[in-house]
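Read off the chains here:
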Amino acid sequence: SGDIGWGFVVLGANPTASVLYAQGQWDDIEKAWPINEKELIVSLYAALMIGSKFKDFFVLEAIDNTVAQQVARTNKSSSLRLRKLQRARANVHRIHRWLAHQQRIASKDNDLADSLSRYDDDAFQAAIHRRGLEPEQFVLLPPSQIARQIIKDLLSQVTNANGN
């Protein structure tokens, strides 16, 4: 997640398998949200988009934001939006029978998703090459307006409850 947009990459255990990815831009309201909230929005968005494709999976989620990671692990936050996002994500994990684990990833190792969030195609292609992957393996997921609307509705409930 970044100031411009967001991106996520689904890397499987098989290095020759397809690699799913998605990216998008924040709208004007979302741009003003704290980065920790944006990180969990991307996490929830990814779970909503790919959950039906992968049932009964162990999911290792790499997060380069330590606060978002801590919130994801402990389900504790002073922010109503962060708590709401975490609960929604946990529910999606349960629905798809995922065993999910969050792990810190060094920012330098987050080169694929980070370049997507900045809309930097040259950096994305360079990261693919550095990892020894083939560009043909990468499959861009179409935007999910349904997932996006679910998140917006969820967060508007929190915003309205806070009077913000």
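Calculation criteria
- Residues numbered from 1 in each chain as written.
- Predicted model: local features only at pLDDT ≥ 70, side-chain atom pairs only at ≥ 80, totals over all residues.
- Heavy atoms only, no water.
- Helix = DSSP H or I, 4+ residues; strand = E, 2+ residues; numbered from the N terminus.
- 1 Å grid on protein atoms, 1.4 Å probe; cavity = no way out; pocket = protein on both sides within 12 Å on 5 of 7 lines; lining within 4 Å.
- Points joined across faces, edges and corners; volume = space filled by probe spheres on them.
- Nonpolar A, V, L, I, M, F, W, Y, C, P; charged D, E, K, R; others polar.
- Pairing = 2+ DSSP bridges.
- Axes fitted to C-alpha atoms, helices over the stretch in contact; angles between N-to-C directions.
- Salt bridge = Lys/Arg side-chain N within 4 Å of Asp/Glu carboxyl O.
- Buried < 20%, exposed > 50% of the residue type's maximum accessible area, 1.4 Å probe, protein only.

Just checking my understanding: could you explain unusual backbone geometry for this structure?
Negative phi values dominate among residues other than glycine, just as trans dominates among peptide bonds. If you check the backbone angles, Asp56 has positive phi at about 55° while not being a glycine. With a phi angle near 55°, Tyr119 is a residue other than glycine that sits in the positive phi range. Inspection of the secondary structure puts Tyr119 in the loop between helix 5 (111-117) and helix 6 (121-130).

Got a minute to help me understand empty space enclosed by the protein in this structure?
One water molecule sets the probe size; rolling that probe over the atoms shows where empty space is left. Tallying each qualifying case throughout the model produces one cavity of 30 Å³ or more. Size it by volume and the largest cavity reaches roughly 60 Å³. In terms of lining residues, the largest cavity is bounded by Trp6, Trp26, Glu30, Ile41, Val42, Tyr45, Arg148 and Ile151. Taken together, the elements giving at least two residues each to the lining of the largest cavity come down to helix 2 (35-50) and helix 7 (145-162). The element contributing the most residues to the lining of the largest cavity is helix 2, with three residues.

Quick question: what am I supposed to make of the layout of surface pockets here?
Approximately 1,300 Å³ is the volume found for the largest pocket. Together, 45 residues line the largest pocket, and Val9, Val10, Leu11, Leu60 and Ala62 are the ones closest to its centre. Taken together, the elements giving at least two residues each to the lining of the largest pocket come down to strand 1 (5-10), strand 2 (19-25), helix 2, strand 3 (58-63), helix 4 (80-95), strand 4 (99-104) and helix 5. Among the elements that line the lining of the largest pocket, the one with the most residues is helix 2, at seven residues. By residue class, the composition of the lining of the largest pocket is 27 nonpolar, ten polar and eight charged. Volume-wise, the second largest pocket comes out at about 170 Å³. Every residue lining the second largest pocket is counted, 14 residues in all, and those nearest its centre are Trp6, Gln23, Gly24, Gln25 and Pro143. Of all elements in the fold, only strand 2, helix 2 and helix 7 reach the threshold of two or more residues within the lining of the second largest pocket. Top element by residues in the lining of the second largest pocket is strand 2. It accounts for four residues. Class assignment of the residues belonging to the lining of the second largest pocket gives a composition of nine nonpolar, four polar and one charged.

Even after reading the chapter, I still don't get the sheet that holds strand 1, so can you show me in this structure?
Hydrogen bonds between backbone groups are what pair the strands of a sheet, and the pairing can be parallel or antiparallel. Read from one edge to the other, the open sheet built from three strands follows the order 1-2-5, with strand pairing classed as mixed. Either end of the sheet is taken by a strand with one partner, and the two such strands are strand 1 and strand 5 (138-140). Each strand axis lies, on average, 25° off the axis of its neighbour in the sheet, ignoring direction. Bridge count for strand 1 against strand 2 is six bridges, and the pairing is antiparallel.

Sorry if this is basic, but what is going on with the pattern of salt bridges here?
Opposite charge on two side chains makes pairing possible when the charged atoms of those side chains draw close. One pass over the full model with this rule turns up nine salt bridges. Residues Arg131 and Asp111 are paired through a salt bridge, measuring 3.0 Å at the closest nitrogen-oxygen approach. One end of the pair, Arg131, is in the loop between helix 6 and strand 5; the other, Asp111, is in helix 5, with 20 residues separating them in the sequence. The exposure class of Arg131 is partly exposed, given its relative accessible area of 36%.

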